[in-house]
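Listed below, chain by chain, are the residues.
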Number of protein chains: 4
Amino acid sequence: MSAYSIIFIPMARPRSDDKRLTILRAATGLFAEEGLNAPTARIAKAAGVAEGTIFTYFANKDVLLNELYLALKGELRAALAALPASASLKEQVWLAWRSYVHWGVSNPQQHQTLARLAMSPQITADTLAQGNRAFCDVSSLLEQAMRAGPLGQQSVEFAGAMMGAMGDVTMTFVRARPEAAASICQDGFAAFWHALSGA
Amino acid sequence: MSAYSIIFIPMARPRSDDKRLTILRAATGLFAEEGLNAPTARIAKAAGVAEGTIFTYFANKDVLLNELYLALKGELRAALAALPASASLKEQVWLAWRSYVHWGVSNPQQHQTLARLAMSPQITADTLAQGNRAFCDVSSLLEQAMRAGPLGQQSVEFAGAMMGAMGDVTMTFVRARPEAAASICQDGFAAFWHALSGA
Amino acid sequence: MSAYSIIFIPMARPRSDDKRLTILRAATGLFAEEGLNAPTARIAKAAGVAEGTIFTYFANKDVLLNELYLALKGELRAALAALPASASLKEQVWLAWRSYVHWGVSNPQQHQTLARLAMSPQITADTLAQGNRAFCDVSSLLEQAMRAGPLGQQSVEFAGAMMGAMGDVTMTFVRARPEAAASICQDGFAAFWHALSGA
Amino acid sequence: MSAYSIIFIPMARPRSDDKRLTILRAATGLFAEEGLNAPTARIAKAAGVAEGTIFTYFANKDVLLNELYLALKGELRAALAALPASASLKEQVWLAWRSYVHWGVSNPQQHQTLARLAMSPQITADTLAQGNRAFCDVSSLLEQAMRAGPLGQQSVEFAGAMMGAMGDVTMTFVRARPEAAASICQDGFAAFWHALSGA
DNA sequence: GATGAATGAGTATTCATTCAT
DNA sequence: CATGAATGAATACTCATTCAT
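Remember, it's a predicted structure, so these values are computed and weren't measured experimentally.

*Asks:* Please set out the overall build of chain A residue by residue, giving values where relevant.
*Replies:* A count of helices and strands for chain A gives 10 helices and zero strands. Reading the helices (α) and strands (β) of chain A from amino to carboxyl end gives α-α-α-α-α-α-α-α-α-α. By its C-alpha atoms, chain A is 55 × 50 × 30 Å across when sized along the principal axes. With 199 residues in all, chain A has 44% of them scored as buried. A total of about 10200 Å² of accessible surface is found on chain A, and carbon and sulfur atoms cover 57% of it. Averaging the coordinates of the 17 positive side-chain charges in chain A and doing the same for the 16 negative ones gives two points 3 Å apart.

*Asks:* Can you explain the interface of chain B and chain A? Please cite residues and give values.
*Replies:* Taken together, the contact pairs 31 residues of chain B with 32 residues of chain A. For the pair chain B and chain A, the two sides together bury roughly 2500 Å², of which 72% comes from carbon and sulfur. There are zero salt bridges connecting chain B and chain A. Residue assignment for the side of chain B that touches chain A shows that the elements contributing at least two residues are α6 (108-119), α9 (156-176) and α10 (181-197) of chain B. A per-element tally of the side of chain B that touches chain A places α9 of chain B first, with nine residues.

*Asks:* Report on the environment of I9 of chain B, specifying residues and quantitative values.
*Replies:* Tracing the backbone through its elements, the reader meets I9 of chain B in the segment before α1 (17-34). Spatially, the C-alpha atoms of I9 of chain B and P178 of chain B are 55 Å apart, while their sequence positions differ by 169 residues.

*Asks:* Describe in detail empty space enclosed by the protein, supporting the description with residues and values.
*Replies:* Throughout the structure, instances matching the rule amount to one cavity of 30 Å³ or more. The wall of the largest cavity is formed by M166 and A191 of chain C together with L151, M162, M166, F192, A195 and L196 of chain D. Those elements that place two or more of their residues in the lining of the largest cavity are α9 (156-176) and α10 (181-197) of chain D. By residue number, the principal contributor to the lining of the largest cavity is α10 of chain D, which donates three residues.

*Asks:* Now, about the pattern of salt bridges: what can you tell me, with residues and values included?
*Replies:* A complete count under the given rule lists 18 salt bridges over all chains for this structure. A salt bridge links R42 of chain C to E34 of chain C; the shortest N-O distance between them is 2.7 Å. Salt bridges sharing partners connect three or more residues here, namely D17, R20 and E67 of chain B.

*Asks:* Describe the arrangement of the chains, listing the residues and the values that go with them.
*Replies:* There is a gap between chain A and chain D: no contact, and a shortest C-alpha distance of 10 Å. The two units chain B and chain D remain apart, with a minimum C-alpha distance of 20 Å.

*Asks:* Quick one: what's the story with helix α4 (residues 61-79) of chain A, residue by residue and with numbers?
*Replies:* All names here are of chain A. Taking 1.5 Å of rise per residue, the 19 residues of α4 would be expected to cover 27 Å, and the 27 Å separating its terminal C-alpha atoms lies within 8% of that figure. Buried residues of α4: L64, L65, N66, L68, Y69, L72, K73, L76 and R77, and no others. For α4, the elements touching its buried residues are α1 (17-34), α2 (40-47), α5 (89-106), α6 (108-119), α7 (125-133) and α8 (136-146). The opening residue of α4 is N60, an N-cap whose side-chain oxygen sits 3.1 Å from the backbone nitrogen of D62.

*Asks:* Go over the relation of the copies chain B and chain A with me, naming the residues and quoting the values.
*Replies:* Think of it as a corkscrew move, a rotation about one axis and a shift along it, taking one chain copy to the other. When chain B is fitted onto chain A, the two copies agree to an RMSD of 0.1 Å after a turn of 179° and an axial shift of 0.0 Å. With respect to symmetry, the two chain copies, as superposed, fit the operation of a two-fold axis. Nearest to the rotation axis, the C-alpha of A195 of chain B is located 2.3 Å from it, this being the minimum over chain B.

*Asks:* Describe the side chain of H111 of chain D, with residues and values.
*Replies:* All names here are of chain D. Inspection of the secondary structure puts H111 in helix α6 (residues 108-119). Here D168 takes part through its side chain, which lies 2.8 Å from a polar atom of the side chain of H111. The residues contacting H111, other than those within four sequence positions of it, are Y100, W103, G104, D168, M171 and R175.

*Asks:* Quick rundown of the packing of α1 of chain A against α6 of chain A? Include the residues and the values.
*Replies:* All names here are of chain A. Where α1 meets α6, the closest approach of the two axes is 8 Å, and the angle between their N-to-C directions is 70°. In this view, α1 runs roughly perpendicular relative to α6, as classed from their interaxial angle. Residues T28, G29, F31, A32 and E33 of α1 form the contact with α6, whose participating residues are Q109, Q110, Q112, T113 and R116. Among the residues making up the contact of α1 with α6, the classes are represented as two nonpolar, six polar and two charged.

*Asks:* I'd love a proper account of the environment of T170 of chain A, names of residues and values included.
*Replies:* Positionally, T170 of chain A belongs in helix α9 (residues 156-176). Among the residues examined, T170 of chain A registers a relative accessible area of 0% and is labelled buried. When the C-alpha positions of T170 of chain A and A181 of chain A are compared, they lie 9.3 Å apart, and in sequence the two are 11 residues distant. Discounting residues that sit within four places of it in the chain, T170 of chain A has contacts with W97, V101, I184, C185 and G188 of chain A together with F158 and M162 of chain B.

*Asks:* Any chance you could break down the packing of helix α4 (residues 61-79) of chain C against helix α5 (residues 89-106) of chain C for me, citing the residues and the numbers?
*Replies:* Residues and elements named next belong to chain C. Interaxial distance between α4 and α5 falls to 9 Å at its minimum, and their mutual angle equals 130°. Of the possible angle classes, the one that applies to α4 and α5 is oblique. Judged by the sense of rotation from one axis to the other, the crossing of α4 with α5 is right-handed. Contacts between α4 and α5 involve L72, E75, L76 and A79 on the former and, on the latter, S99, Y100 and W103. Residues of the contact of α4 with α5, tallied by class, amount to five nonpolar, one polar and one charged.

*Asks:* Outline the packing of aromatic side chains, listing residues and values.
*Replies:* In total, this model carries 20 aromatic pairs over all chains according to the counting rule given. With centroids separated by 4.9 Å and ring planes inclined at 70°, the aromatic side chains of F173 of chain A and F158 of chain B adopt a geometry described as edge-to-face. Taken together, the positions of F173 of chain A in helix α9 and F158 of chain B in helix α9 put the pair across two chains. Feature note: the residues W94, W97, F189, F192 and W193 of chain A constitute an aromatic cluster, connected by ring pairs. The aromatic ring of F135 of chain C is capped on one face by K73 of chain C, whose charged end is 5.0 Å from the ring centroid. Between R77 of chain C and the ring centre of F135 of chain C, over which it is positioned, the NZ or CZ distance is 5.7 Å.

*Asks:* Could you give an account of the confidence of the model for chain A, with specific residues and numbers?
*Replies:* Interpreting fine coordinate detail is not advised for predicted regions of low pLDDT. A residue-level look at chain A finds 92% of positions with pLDDT of 70 or above and a mean pLDDT of 91. When the criterion is pLDDT under 50, residues 1-13 of chain A qualifies, and its contacts beyond four places in sequence or with other chains add up to zero contacts.

*Asks:* Give a description of the side chain of D187 of chain D that names residues and reports values.
*Replies:* Of note, D187 of chain D is situated in helix α10. Buried charge D187 of chain D goes without a salt bridge, the closest partner of opposite sign being R177 of chain D at 8.4 Å. When residues no more than four places from it in sequence are discounted, the contact partners of D187 of chain D are P150, L151, Q153 and Q154 of chain C.

So, how was this worked out
- Residues numbered from 1 in each chain as written.
- Chains lettered and ligands numbered in written order.
- Predicted model: local features only at pLDDT ≥ 70, side-chain atom pairs only at ≥ 80, totals over all residues.
- Heavy atoms only, no water.
- Helix = DSSP H or I, 4+ residues; strand = E, 2+ residues; numbered from the N terminus.
- Buried < 20%, exposed > 50% of the residue type's maximum accessible area, 1.4 Å probe, protein only.
- Areas by Shrake-Rupley, 256 points an atom, 1.4 Å probe, with all protein chains shown as cover.
- Lys, Arg positive; Asp, Glu negative; His and termini not counted.
- Charge placed at Lys NZ, Arg CZ, Asp CG, Glu CD.
- Contact = heavy atoms within 4.5 Å.
- Buried area = accessible area lost by both parts, 1.4 Å probe.
- Salt bridge = Lys/Arg side-chain N within 4 Å of Asp/Glu carboxyl O.
- 1 Å grid on protein atoms, 1.4 Å probe; cavity = no way out; pocket = protein on both sides within 12 Å on 5 of 7 lines; lining within 4 Å.
- Points joined across faces, edges and corners; volume = space filled by probe spheres on them.
- Expected span 1.5 Å × (residues − 1).
- Polar contact = N/O pair within 3.5 Å; in protein donor to acceptor, adjacent residues only side chain to side chain.
- Least-squares fit on C-alpha atoms with pLDDT ≥ 70 in both.
- Axes fitted to C-alpha atoms, helices over the stretch in contact; angles between N-to-C directions.
- Parallel < 35°, antiparallel > 145°, perpendicular 65-115°, else oblique.
- Nonpolar A, V, L, I, M, F, W, Y, C, P; charged D, E, K, R; others polar.
- Left-handed = near helix turned anticlockwise from the far one by under 90°.
- Phe/Tyr/Trp six-rings, centres within 6.5 Å; stacked < 30°, edge-to-face > 60°.
- Lys NZ or Arg CZ within 6 Å of the ring centre and 35° of its normal.
- pLDDT = per-residue confidence, 0-100.

In structure tokens, the structure reads:
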């Protein structure tokens, strides 16, 4: 950026990011428990801030919803541990799958809220698109894996959506029987891998 | 009144099943477009009845939601054409899959509203259970097909949920590219069949 | 009655007085328990008639309220047993007092509803006046008794109102301690008689 | 903010007791004119506040009613001027009576609303009890005065209720003929005093 | 006449958002 | 910037009354 740039954003970042995150976290919890129409007043209380404060961080509730969607997608992305390039394709997909399921199981509120947001009419197409952008490395993995499989003629997005959907189902059943988590997660992956690669 | 009737029971306009359905249909449309918190007043207007009329057919909005869930599940069930016992297992599953995807694609509002209801905290566990009861014949198909596959150790419900989830994804992509409906539906099924049977 | 008539309405007295009374009685009970804004629908149900039937007997709810007021005043009037002209003035007043208190205690719903109606803005001045008309014989008793007392300069209505108010208080306390009914009723009368006659 | 304040506690507009009172006063007027089911919206308008504001001061209408009851009882209590211990018993009771009647006559809305609230099923027994607590000094007066009278065997509450009831009647008649206020008030008291003391 | 479904104005209450402090 | 009282449009639900059967 040139020294002549007109818009200068000082380093003094007001509106502490900390408080912003606290609000998002409180919203996540409430949305999981009461649905997306949990009142902003309750979110504020859960976050330990004043009702009005929410609106210094988010222009309105819709903005809050969209930013929360991106934040949760970001957390999920961060949870998908680095995929070691040395490992085999199947192993890499397995690692991605496992971290996805693991994230959903250990962060049930985040996962459920993310699922609800994804279905909500308040999340814009733009936000949805932007949310997917971070997952391109997983996409390229899937692209390779699906080539010879039954979805060979379809788009990577199709395979990605399948992974999300099948992963969600798997999480649900792990949650119901946590003691069988490992086998459920593995069997779910086996099913997904067959669906993807045909073998 | 026939001359044979001895006891005269005066009767006001009977509650019409037709009107009940009109309301449910209007609700389906609005819920698909605006989410489950579409106001009852708008539902009434869309159904062409007075606001109060909704509450002669449904005690409150929650009841409306739950009954709508069951009604939509029922429509879906009815759409799953009779499965010919003569056909092979794979063929029967294929027919079920195809009718499911077809139903969702040609009834997008019903499908989306059903999906939203299924995630909503207002639908009781009891309603969910009751909704599944009608699908036991599909379940027994899946049970046979999954035995030797990767989900062999898991419950039928798991397989059923997978079918639902994978079908939903398939519908979404058919909707985006209707001209490729046939191939998308088939490829989706191929993926599902691999996931289910392992072959 | 002809053998051909299916529906036989006896003397063809329309709007059976019986049903009218049933409705008034049901209203009395509900008004006592829930206040005067108990819904007409509930009154109908309690009376065992259809919602609409109420409005063939009473043009609207206000009319129902006013007619109920008069009906209850009438019942009260009927309960004030004939006052034997042979008895002394004090004894006659005592009999009137005793029957009043007794009526209120043994008909708590009637009494409470009457009290509520009397305070309600929906009862017209005309109705109130008409309700008092039947009590002129009691009035003339009071008129004689009050002459030499502290209220000697005031109107009979004043004394009548005092009797009503003091009687109501007495009923309330009898209801709270029914086992002491007799002494409470007597002491209440003694107080009233002193207030009235000054001795 | 003073330079001496160490801790800065940001404060929004504090909840004003003034506004609370304005609402209660508006409610008093409307309840007197239209009965207790005057809509909250109209109360708000009369008080010059937004509809929602009522609910920042009173959790719901029932709470408003109960708090209004206590407020009115409080006003009445405050109106019962200090009773000079030097005066004779009868004179003290007379002062209490006169201030009571005077209060009711010069605050007809307060008085009528208080009377309606006292009969309403929405006022809890607890509120009623709490409302009476402030009147114990009057009670002890009555206790002395009633000892030798016709109510000697009864509770003070009985005498208190009589005073309230007889006072209410007196107010009503004063209101009808304001020019005769003094004599009506005195005669009413004479009647009450006879009822109480027997002389 | 009797019935109860239909009506729609009316009601208490909620809630996103603003703004005085 | 934070706060939370103030706002008023919006919402689910009620209820007196009408009217088709």
